[in-house]
Amino acid sequence: MNIHEYQARALLKAAGVPMLDGDVASTPPVAEAIARRIGGKVVVKAQVHVGGRGKAGGVKLAANPGEAADAAERILGMQIRGLTVHKVLVVPAADISSEAYVGLIMDRETQRPVFMVSPAGGIDIEEVAAKTPEKIRRLPVDPTYGLLPHQALALAFFLYKDFAQVKAAAQIMERLYTVFTHNGCSLAEINPLVTTPDGRVLALDAKVVIDDNELFWRPDLEELRDESEEPPAEAAARRANLSFIKLDGNVGCVVNGAGLAMATMDLVKYYGGEPANFLDIGGSSNPEKVVNALKIITTDPNVKAILFNIFGGITRTDDVANGIKTALAQFPVKVPIVVRLTGTNEAEAFRILQGIGMTALSDMDEAVQQVVRAAKGAA
Amino acid sequence: MNIHEYQARALLKAAGVPMLDGDVASTPPVAEAIARRIGGKVVVKAQVHVGGRGKAGGVKLAANPGEAADAAERILGMQIRGLTVHKVLVVPAADISSEAYVGLIMDRETQRPVFMVSPAGGIDIEEVAAKTPEKIRRLPVDPTYGLLPHQALALAFFLYKDFAQVKAAAQIMERLYTVFTHNGCSLAEINPLVTTPDGRVLALDAKVVIDDNELFWRPDLEELRDESEEPPAEAAARRANLSFIKLDGNVGCVVNGAGLAMATMDLVKYYGGEPANFLDIGGSSNPEKVVNALKIITTDPNVKAILFNIFGGITRTDDVANGIKTALAQFPVKVPIVVRLTGTNEAEAFRILQGIGMTALSDMDEAVQQVVRAAKGAA
Amino acid sequence: MSVFVNKATRVLVQGITGREGSFHARQMLEYGTQVVGGVTPGKGGQVFEGKVPVFNTVAEAVTATGADTAVVYVPPTAAASALFEAADAGISLIVCITEGIPVQHVARAMPYVRARGVRLIGPNCPGLITPGESKVGIIPGSICLPGRVGLVSRSGTLTYEIVNHLTKAGIGQSTCVGIGGDPLIGTNFIDVLRAFQDDPDTDAIVMMGEIGGTDEQQAAEFIKSHVTKPVVGFIAGQTAPKGRRMGHAGAIISGSSGTAEEKLAAFAAAGMGIMKRPVDVIELVRERLK
Amino acid sequence: MSVFVNKATRVLVQGITGREGSFHARQMLEYGTQVVGGVTPGKGGQVFEGKVPVFNTVAEAVTATGADTAVVYVPPTAAASALFEAADAGISLIVCITEGIPVQHVARAMPYVRARGVRLIGPNCPGLITPGESKVGIIPGSICLPGRVGLVSRSGTLTYEIVNHLTKAGIGQSTCVGIGGDPLIGTNFIDVLRAFQDDPDTDAIVMMGEIGGTDEQQAAEFIKSHVTKPVVGFIAGQTAPKGRRMGHAGAIISGSSGTAEEKLAAFAAAGMGIMKRPVDVIELVRERLK
């Protein structure tokens, strides 16, 4: 789960990471008040879950509170990569001597949290990694011991020469590690970590991504979710415990299992169609999930035909058939539905569908070809 | 460092270990007030750093507040194994269904914290270990992982059958482990851990010993020290950074190094004397330490002769000689002093001592024999 | 023969009295798996389905039953702890079906499990099956056929789809292993490929990957240098957008890394047969078994 | 020859710019120890005594100097961290002189150090010396004499007392090892006894124990079954009262365990020569070297 910069800042601040003052505003007057409290020049930054805010005009410098209000006025409501800006962060325009990068990610290969630090901060770290890999130092952390003091110090020595700054940076890394572990993060980064002319080391911008699996038992983290950042259909799917991602095609897909769902989308494409979504109803299906899945898919006006692809293992195909039956009784579905079912209780499933005048296929290729034809015919 | 039961209870309570209500009193009226607040029967318990309080009459049952005041009256001021009781703990007289033992010690052999639990609680665990070892379960805990949930559960299943009690006991063990690690303990035990007729699991009595090495950087723990529990000479020595233990003999010993200090005491005994103390002035001696050492030893009226045994390595023997000179100029020492010096700067040391009319020996056996004779002659 | 499990495998079910655990324990029993015991703290002494003893702890269960394998169906909140417990009790193979364990919990359990020489399959995996011998997990036994093709996959139902094609075409399987869809897993493609390469009764290997990470690329490198048996591969997620998690926590294209294209290129470079559609598995395997 | 250190040993001093570290680094240099570098974070680039380079981290120092041994003089608050750092940097022998490290900190560092195959001597020990070759720690070089008697001891000045007797009697030492007076130590009697037993240039062994714990009893068992060379032993603390820590954190009689009597009984049962007084070492060793 992505969270906003201002929320990430709050997590870091709570862990004792030194950062510039700053606050979040939803209206220009509030932004103006924050700028007045801070005094001097400020930066007004759009709070959206996408990169490239600066290039999109979502980050503006303001010389005084009035300018801050103007900047907020222009940024709030702006669309950045399809997302509407509802909040801005107002922070002092720091006088900066150097910019470094400090990031911590859960690394698949080492199966450990890995620190990445670079004295070349403020820019995209992937670019630094690609062009000047010698400017990045990586350190896998053994989670049973945590970040050890000498490790933090060695990373900090890679960033700074001045020992006071080295010690400050080492402490910031230890605290960033605490943020990472205490909040079940899959990523926690400070970019840039800056030094000021008077020698202080501060976090200027922060980014935190929380492992979705952590949210089950951490309602406090779940509260950081900003649903306005999600397409409404995805938010509805999430609440219904469905894994759903909207795409641009016209073939709606309802599948059990993430791998099979992806393979189904790929097969739609293979046979000349375009999938409208990824949707995994999960392992232990119940009719209710199927109803919700159909509701969500049919809200997409692009969808011209819907494919069910169910391989019954734990999933009982009769549950799915019943779900389809229930859904169709509850609301009209105006596009053709192609159903492929095989496995557990398939005979019963076929019977249920026949009862409502539908037929089902048992071959995946045949079903995909049929739904692609249906979508094309409708389009 | 030993702490009192009421202090140990506070540490456990802060970590969430369930225990009976209770409070500490220094006077009978306060004990009475606590008993009144608790209501019903209470137990009044002497707070001293020695075992065997019950047998010594330091634990009394009181049926009502008045009896609690009487009990406190009798216990306060009592001497238990040479220690005066200054405080009593007043706790409800629990209605007990069973008594178990749960202890956690830093084990030298496994080099880990080791849990010891037994359903035979309330009595001396060493006795249980000796007589019915099958009633004790031991578990070394890997400090890098801490006490794992399944380990706590397995220990708790050894104590109880009822699953609610098992879960409660497992949680208590996890919290006891937290107390142990957060406070640098070398021992933390609950004895007894009781069950009540209504099924609750509670810690009735607690004991905590804190690793002396932890105290350097934990002033909050140092504050738990009760100096009234130490002989005044030992408290003075501790404040002077000397390692000192008073014994019953008449030969005072000032030595550098704990091993050599013990060996010196042993040699005093070997040659027919009785050491009056263990005293280690430590590695990097300075004259001030020698002055303090002499001050402390000469406060013991039993001391009839004093032996210095210094093997100069890091310790400069001239520092020690200067310390003796300074001390003798500051206060009179009325008993004979025998000095054995060898090693770093010994020529200079001999010269300093000659300057104040003293001679020094370089052989340990000779020095010990001489001081034993001196002590006998004086006695 | 087979890899990892066979008819001698003695299985313990952690969470046997739960909804998932009891359902699948029954399925495993029906399939003929030697389910020798179950564990649910507080339910020790019960007997499951009239024949499987239930214990309070894994240690007790191992002592009483001689189990060597544990299959974990406990909820995600207790699953990491179940891994620690099984590893402590001397189990040699842990199959963790549970989905939704926080990745940092897995990261902490992993070195503990490894240090005790235990193989972990999963988490968030369908388990494995040696057709006709032993099913440990949730792969439907009915779609499998004993034979000489080894399967390894990051997904569940997609595996069933492909196994089903093979079985219908009369091509049996030595063992089917679902390694799981999480970013951190105990047994990866290479571990299973090595086992199949060393298994005298596996003649060809089918490998089903998906977007996210670099496991498939590394597997392809391994195949190039260490696997002499024919390997056929599939990658799910060619139409997946970047930066979105496709159901599985591990199925996500981060930046330019983990795309289907780079994985398929690695497969091609390793000389593997590449399935464009699941059904292609039949012809590709058949050609290579000739 | 010798055990653990010799003239080829390349020593790094952790805490070289501190009061203790600088004093003993000079002493080691004077003795002829190859002190190849020092470490003090923030002081990298300085040169100690005009010849020893100082580094910010142990890793840098090891890379630059090829050091294989680290001797730790940093304050107790930083000492556990120094152990982690040295172990991480590929040092193979760590000698920790620092006194006063909380035992739980040592307990956490110990498995980390072990897992990296590193030998730790100490903490709270005087270090070790191979007379005429290398002194790593604080044992005064002036009282030692090259020779063929190995010494191992839990204490500092008591060791000097006994070494001094041997040297004055013309009996030289192969290596003198101070294992430290703390309850948790990295190298125990048995480790050193095994090394002396295996060292072709050690003919007899002197072992100095004290009250507290069971290390001496276990060492005696080991001697009985594995040591063929003569061993002479001493136990300090025969007059110590129960339950009081005699200076060393490890020197404490708990309950009925760890007394001098039980240790001496174990020595006798192992056929060891027993010193009643330190000076007895001369006769006991001389007899056994005949």
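Residues numbered from 1 in each chain as written. Chains lettered and ligands numbered in written order. Predicted model: local features only at pLDDT ≥ 70, side-chain atom pairs only at ≥ 80, totals over all residues. Heavy atoms only, no water.

### Quick word on the environment of D:Pro241
- By the element assignment, D:Pro241 lies in the loop between β13 (231–236) and α8 (260–269).
- With near-sequence residues (within four places) excluded, D:Pro241 lies in contact with B:Ile245, B:Leu247, D:Met246 and D:Ile253. (Helix = DSSP H or I, 4+ residues; strand = E, 2+ residues; numbered from the N terminus. Contact = heavy atoms within 4.5 Å.)

### Focus: the sheet that holds strand β10 (residues 146–153) of chain C
Residues and elements named next belong to chain C.
- Taken in spatial order, the seven strands line up as β9-β8-β11-β10-β12-β13-β14 in an open sheet, and their pairing is mixed. A strand with exactly one partner marks an edge of an open sheet, and here the two such strands are β9 (134–137) and β14 (273–274).
- As paired strands, strand β12 (residues 204–210) and strand β13 (residues 231–236) are joined by six bridges and run parallel to one another. The residue bridging Gly209 from the neighbouring strand is Ile235, located in β13.
- Most of the contacts of helix α6 (residues 189–198) go to β12, to which it runs at about 170°, and overall it touches β10, β11 (173–178) and β12.
- Relative to β13, helix α8 (residues 260–269) is tilted by about 175°, and along the sheet it contacts β12, β13 and β14. (Pairing = 2+ DSSP bridges. Axes fitted to C-alpha atoms, helices over the stretch in contact; angles between N-to-C directions.)

### What about the packing of aromatic side chains?
- For the structure on display, the rule yields twelve aromatic pairs over all chains.
- Centre to centre, the rings of A:Phe157 and A:Phe163 are 5.9 Å apart; their planes meet at 20°, and the pair counts as stacked.
- Judged by its relative accessible area of 13%, A:Phe157 is buried.
- Here the aromatic residues A:Tyr145, D:Phe84 and D:Tyr112 are joined through ring pairs into a cluster of three or more.
- Note that D:Arg116 overlies the ring of D:Tyr112, its terminal NZ or CZ placed 3.5 Å from the centroid. (Phe/Tyr/Trp six-rings, centres within 6.5 Å; stacked < 30°, edge-to-face > 60°. Buried < 20%, exposed > 50% of the residue type's maximum accessible area, 1.4 Å probe, protein only. Lys NZ or Arg CZ within 6 Å of the ring centre and 35° of its normal.)

### Some remarks on the interface of chain D and chain B
- At the junction of the two partners, chain D supplies 57 residues and chain B supplies 44 residues.
- Across the chain D/chain B interface, buried area totals approximately 4100 Å², and carbon plus sulfur atoms make up 60% of it.
- In this structure, the salt-bridge partner of B:Arg340 is D:Glu161, at a minimum N-O distance of 2.6 Å.
- Counting the contacts that link chain D with chain B gives 16 residue pairs in polar contact (both at pLDDT 80 or more).
- Elements supplying a minimum of two residues to the side of chain D that touches chain B: α1 (19–31), α3 (76–88), α4 (103–115), α5 (157–168) and β13 of chain D.
- In terms of residue count, α4(D) provides more of the side of chain D that touches chain B than any other element does, eight residues in total.
- Within the side of chain D that touches chain B, the residues separate by chemical class into 26 nonpolar, 20 polar and eleven charged. (Buried area = accessible area lost by both parts, 1.4 Å probe. Salt bridge = Lys/Arg side-chain N within 4 Å of Asp/Glu carboxyl O. Polar contact = N/O pair within 3.5 Å; in protein donor to acceptor, adjacent residues only side chain to side chain. Nonpolar A, V, L, I, M, F, W, Y, C, P; charged D, E, K, R; others polar.)

### Some remarks on the sheet that holds strand β6 (residues 88–92) of chain B
Residue and element names in this part refer to chain B.
- As summarised here, the arrangement of the four strands in space is β1-β6-β2-β3, forming an open sheet in which the pairing is antiparallel. Each having just a single partner strand, β1 (23–25) and β3 (59–62) make up the two edges of the open sheet. Each adjacent strand pair in this sheet contributes to an overall mean axis angle of 25°, direction not counted.
- Here strand β2 (residues 42–46) runs beside β6; their pairing, made up of five bridges, is antiparallel. Paired with Val42 across the strands is Pro92, a residue of β6.
- Helix α1 (residues 5–14) rests against β1, β2 and β6 of the sheet, and its axis sits at about 55° to β6.

### A look at the confidence of the model for chain C
- Confidence in the prediction of chain C, expressed as mean pLDDT, is 96, and 100% of residues score 70 or more.
- Model confidence for the complex: the whole-complex pTM is 0.93, and ipTM, which rates the interface, is 0.92. (pLDDT = per-residue confidence, 0-100.)

### Here's the deal with the state of the cysteines
Residue and element names in this part refer to chain C.
- One pass over the structure, following the stated rule, counts zero disulfides over all chains.
- Left unpaired, Cys125 is separated from the closest cysteine sulfur, that of Cys96, by 7.0 Å.
- Residue classification places Cys125 among the buried positions, given a relative accessible area of 4%. (Disulfide = S-S within 2.5 Å.)

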